[in-house]
Amino acid sequence: MTHRIEIDFEPAEGQVVRLIGLVERRGYELLGVNFQPAAVGGKGRLDLSVRPRPGPRRMETLKAQISRVYGVLSVRELTAEPLRESA
Amino acid sequence: MQPAAQTSSDASQHAAFKTGAQLVVEALEREGVTDVFGYPGGAIMPVYDALTGSSLNHILVRHEQGAALAADAWARITGRPGVCMATSGPGATNLVTGLANAFMDCVPMVAITGQVASPLMGTDAFQEIDTFGITLPVVKHSWLVRDAADIPHIFAEAFRVAASGRPGPVLIDLPKDVTQASIHTPGVIACRTETPAVFPLDAQGLARAGQLITAARRPVLYFGGGIALSRAEDALRRFFQRTRIPAVATLKGLGAIPTDWPGFLGMLGMHGTRAANTAVNDSDLLICVGARFDDRATGKLDTFAPGARVIHIDGDAAEISKLRAVEVGLAGDIGAILDALHPIMGDISAWQKTCADNAVRWAFRYDAPGSGVYAPGLLNAMAKAAGDNLIVTCDVGQHQMWVAQHCRFTRPQAHLTSAGLGTMGFGIPAGIGAALAEPDATVVTVSGDGSIMMNIQELATIRRYRIPLKILLLDNSQLGMVRQWQELFYQENFSEVDLYDNPDFAEIARAFGIEAFTLEHRAGEAEAIERLLTTRGPVLCHVRIDPRENVWPLVPPGKSNSEMMEA
């Protein structure tokens, strides 16, 4: 199962690396990253496609872990798609 | 910002101009910091220059890891962020273990590091390392300061972030040109402050929790380090006293309910008591408060409390259902939640009696054969003799588990242990931090012959500041816990655990100017305990114990808590 997470955050030095690192350390494989840098005074947006590695992993837990990171404004799960295996 | 390298003494003559370093010191003073643990070096020198003449009490350690671990313990005692400081490069990397320790155990800490000047960053300059990057996984947040004018605001934020929500360490990296820069500071510098969020109580969740408790016939209260973090021990005790639900603690929870109170069954988990693990295993409702279903507590997770529904109360919403699905999750102020829970109790008298009987039946015994020192008995007697004023700081290994099993604790701050990271070398620096944070306490560091060598240089710090730390060193000339596992799970293939060539630890202590003596026989225990506890100033008691002594009970790794091994 792949998941898409959209994270809005206050732009700050190292914040993109911090967020991506957190997702990987919590046991999720990164399948895609789309970063929209903030306009002046605006918010940054990170759109991640992730897949959980084996283990007791819940998206609700990951979202809560992301949401407690300093400077994160919101975390949303956009879609939950079944992983399509090639024939 | 001006690039001029004006010194603190120059700047003090021009009140309107201050260096970045002066702003750092002022920010620490504004936060009410009293003690700073650190070690100077090239990139942090401007801050050390500004320290002189400040109100801050700087404790010069002999290794940066000691600074971080001392600050950690200071924070656990006071409830306020501990502060440690180091220079760039190796100074910063030496802090990392201490930061990770604080991160794993949710201890508020502000770490300050020097950095090479901004133009040199990225050029492989002398003592340049990416401190910001290296520490990302082990801090709650971090700042690389680019402009001295940001210092007041960043420090205010750093202290707020470290202490709020789920506490943890934060790091502020200060390039040297930033701390040297002289900036115009017109009047008071406004710092952004935010009121801590107050979470409303979940009335529906509380009601559901109350229903589950009413319906339960075999409930167990399972609590952890979150109690001490949120200073909720009074609320926990009130809840325990009005419900009389049998209780068990994690390693970090010990002391939140006094360990000698009836109904408290001891620590659960890998080296927990049989009474505690049996109660959890047989329970029909687990009320988890400020704990996180850590693997050392649960053993094989899918067999943990197999027949229990779960109510989980925690300060961190991310912990709810992280490892164990719950019927009711209540995130927020733990004390307020517990005080709002007034369930009508069902009849649990038979269950209470079963648990009480088990506690008596499986109580630890101290009548070990032979005449050698029996470490569990020694620790039990020492804690009783020290009384309620005791603070124990532990290192990591067999002695750590013996302390948890056999010492009496009446408050959570009395037991400082590296629970999450399991940092050998925690004990002595933590003892320093604890003794400075609570000078009237009797602070005893219980260490092992493996662990003590990890930070033995801090004996010099103890001597320098005449810190009255009591060190109880249990020496089995082995890496005892590793040896125990090799004996039990690796077919007695003892690999690299024999410390037969240990130095004479009493002589080492004396070389540092610390009184020391050796205990070799059980007959001398009472005298040794008295000398340890009554000696004015620091003292080390070197205790020789049987290298074959193991920690019991033990749940083998990967096994269920119901599969406990005994001696």
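It should be noted that the structure appears before, not after, this text.
Calculation criteria
Residues numbered from 1 in each chain as written. Chains lettered and ligands numbered in written order. Predicted model: local features only at pLDDT ≥ 70, side-chain atom pairs only at ≥ 80, totals over all residues. Heavy atoms only, no water. Helix = DSSP H or I, 4+ residues; strand = E, 2+ residues; numbered from the N terminus. Rg over C-alpha atoms; globule rule 2.2 N^0.38 Å. Buried < 20%, exposed > 50% of the residue type's maximum accessible area, 1.4 Å probe, protein only. Contact = heavy atoms within 4.5 Å. Lys, Arg positive; Asp, Glu negative; His and termini not counted. Charge placed at Lys NZ, Arg CZ, Asp CG, Glu CD. Areas by Shrake-Rupley, 256 points an atom, 1.4 Å probe, with all protein chains shown as cover. Phe/Tyr/Trp six-rings, centres within 6.5 Å; stacked < 30°, edge-to-face > 60°. Buried area = accessible area lost by both parts, 1.4 Å probe. Salt bridge = Lys/Arg side-chain N within 4 Å of Asp/Glu carboxyl O. Polar contact = N/O pair within 3.5 Å; in protein donor to acceptor, adjacent residues only side chain to side chain. Nonpolar A, V, L, I, M, F, W, Y, C, P; charged D, E, K, R; others polar. Core = buried A, V, L, I, M, F, W, Y, C linked by side-chain atoms within 4.5 Å. Domains from an automatic or database assignment. Pairing = 2+ DSSP bridges. Axes fitted to C-alpha atoms, helices over the stretch in contact; angles between N-to-C directions. Disulfide = S-S within 2.5 Å. Expected span 1.5 Å × (residues − 1). Parallel < 35°, antiparallel > 145°, perpendicular 65-115°, else oblique. Left-handed = near helix turned anticlockwise from the far one by under 90°. 1 Å grid on protein atoms, 1.4 Å probe; cavity = no way out; pocket = protein on both sides within 12 Å on 5 of 7 lines; lining within 4 Å. Points joined across faces, edges and corners; volume = space filled by probe spheres on them.

1. Describing the overall build of chain B
In terms of helices and strands, chain B carries 22 helices and 20 strands. Taking 24 Å as the expected radius of gyration for a compact globule of 567 residues, we find that chain B reaches 25 Å, a close match to that expectation. Along the first, second and third principal axes, the C-alpha set of chain B runs to 75 × 60 × 40 Å. By the burial criterion, 59% of the 567 residues in chain B qualify as buried. In chain B, the share of contacts with a sequence separation of at least 24, taken over all contacts with a separation of at least 6, comes to 74%. Across chain B, the 45 positively charged side chains and the 59 negatively charged ones have centroids separated by 6 Å.

2. A short note on the overall build of chain A
Helix and strand counts for chain A stand at two helices and four strands. Starting at the N terminus, the α and β elements of chain A follow one another as β-α-β-β-α-β. In chain A, which comprises 87 residues, the proportion classed as buried is 38%. Counting contacts in chain A only where the partners sit at least 6 residues apart, residues at least 24 apart contribute 73% of the total. For chain A, the accessible surface area stands at approximately 4,800 Å², while carbon and sulfur atoms represent 51% of it.

3. Some points on the packing of aromatic side chains
For any pair of aromatic rings, geometry is given as the distance between the ring centres together with the angle between the planes. All chains considered together, the criterion is met by eight aromatic pairs over all chains. Ring geometry for Tyr70 of chain A versus Trp143 of chain B: centroids 5.6 Å apart, planes at 70°, classification edge-to-face. Within this pair, whereas Tyr70 of chain A is found in the loop between α2 (59-67) and β4 (72-81), its partner Trp143 of chain B is found in strand β6 (residues 141-144), the two belonging to separate chains. Here Tyr222 of chain B and Phe293 of chain B contribute two aromatic rings whose centre-to-centre distance is 5.4 Å and whose plane-to-plane angle is 80°, an arrangement assigned as edge-to-face. Of this pair, Tyr222 of chain B sits in strand β9 (residues 219-223) while Phe293 of chain B is found in the loop between β12 (285-289) and α13 (295-298), placing the two residues 71 residues apart along the sequence. Using a relative accessible area of 0% as the deciding quantity, one classes Tyr222 of chain B as buried. Classification of Phe293 of chain B as buried rests on a relative accessible area of 3%.

4. What about the interface of chain B and chain A?
Taken together, the contacts link 22 residues of chain B with 13 residues of chain A. Of the roughly 1,400 Å² buried where chain B meets chain A, counting both sides, 53% is carbon and sulfur surface. Taken together, chain B and chain A are joined by two salt bridges. Ionic pairing is found between Arg68 of chain A and Asp316 of chain B, a salt bridge with its closest N-O pair at 2.1 Å. On the surface where chain B and chain A come into contact, there are five residue pairs in polar contact (both at pLDDT 80 or more). Those elements that place two or more of their residues in the side of chain B that touches chain A are β6 and α7 (151-163) of chain B. Per-element tally for the side of chain B that touches chain A: the top contributor is β6 of chain B, with four residues. Of the residues contributing to the side of chain B that touches chain A, the split by class is 11 nonpolar, three polar and eight charged.

5. Quick notes on the nonpolar core
Residues and elements named next belong to chain B. In terms of nonpolar packing, the biggest core is built from 89 residues, with Leu221, Phe223, Met382 and Leu472 touching the most fellow members. A per-element tally of this core places helix α16 (residues 375-386) first, with six residues. Formed jointly, this core draws a minimum of three residues from each of two domains, domain 2 (203-361) and domain 3 (375-544). Formed by 50 residues, the second largest nonpolar core is a distinct cluster that contains Phe37, Leu95, Ala111 and Ala516.

6. As for the sheet that holds β9 of chain B
Residue and element names in this part refer to chain B. On the basis of which strands lie adjacent, the open sheet formed by six strands has the order β11-β10-β9-β12-β13-β14 and parallel pairing. Every other strand in the sheet has two partners, leaving β11 (264-267) and β14 (328-331) as the edge strands with one partner each. Pairs of neighbouring strands in the sheet enclose a mean axial angle of 15°, with direction left out of account. Both strand β13 (residues 309-314) and β14 contribute to a ladder of four bridges, which runs parallel. Opposite Ile311, over in β14, you have Val328 as the bridge partner. Relative to the sheet, helix α12 (residues 274-282) contacts β9, β10 (247-249), β11 and β12, its axis offset from that of β11 by approximately 105°.

7. Thoughts on the state of the cysteines
All names here are of chain B. In this structure the tally under the stated criterion is zero disulfides over all chains. For Cys407, which is in no disulfide, the shortest distance to another cysteine sulfur is to Cys394 and amounts to 7.3 Å. With no disulfide of its own, Cys541 lies closest to Cys407 among cysteine sulfurs, the gap being 14 Å.

8. Here we look at the sheet that holds strand β15 (residues 390-394) of chain B
Strands belonging to one sheet form pairs held by backbone hydrogen bonds; the direction of such a pair is parallel or antiparallel. Residue and element names in this part refer to chain B. Strands sit in the order β16-β15-β17-β18-β20-β19 across an open sheet of six strands; the sheet is parallel. Only two strands of the sheet have a single partner each, and these edge strands are β16 (415-416) and β19 (515-519). Strand direction decides the pairing type here: β19 and strand β20 (residues 539-544), joined by five bridges, are parallel. Within β20, the residue paired with Thr518 across the bridge is His542.

9. Things to note about α16 of chain B
Residues and elements named next belong to chain B. With 12 residues, α16 extends 16 Å between its outermost C-alpha atoms, agreeing within 8% with the 16 Å of an ideal straight helix rising 1.5 Å per residue. In terms of burial, α16 is largely enclosed, as nine of its 12 residues are buried. Taken as a whole, α16 has its buried residues at Ala375, Pro376, Gly377, Leu378, Leu379, Asn380, Met382, Ala383 and Ala386.

10. So, the packing of α12 of chain B against helix α15 (residues 349-361) of chain B
Residue and element names in this part refer to chain B. Their axes nearest at 9 Å, the elements α12 and α15 cross at an angle of 155°. In terms of orientation, α12 lies roughly antiparallel with respect to α15. Here the hand of the crossing between α12 and α15 comes out right-handed. Each of Ala275, Thr278, Ala279 and Asp282 in α12 lies in contact with α15, whose residues at this interface are Trp351, Cys355, Asn358 and Ala359. Considering only residue class, the contact of α12 with α15 consists of five nonpolar, two polar and one charged.

11. What to know about the layout of surface pockets
Residues and elements named next belong to chain B. Space inside the second largest pocket adds up to approximately 720 Å³. Taken together, 32 residues make up the lining of the second largest pocket; nearest its centre are Thr259, Asp260, Phe264, Leu265 and Gly266. Within the residue set of the lining of the second largest pocket, elements represented by two or more residues are β11, α15, α16 and α17 (398-406). Split into classes, the residues belonging to the lining of the second largest pocket amount to 20 nonpolar, eight polar and four charged. Split by domain, the residues of the lining of the second largest pocket number at least three in each of domain 2 (203-361) and domain 3 (375-544).

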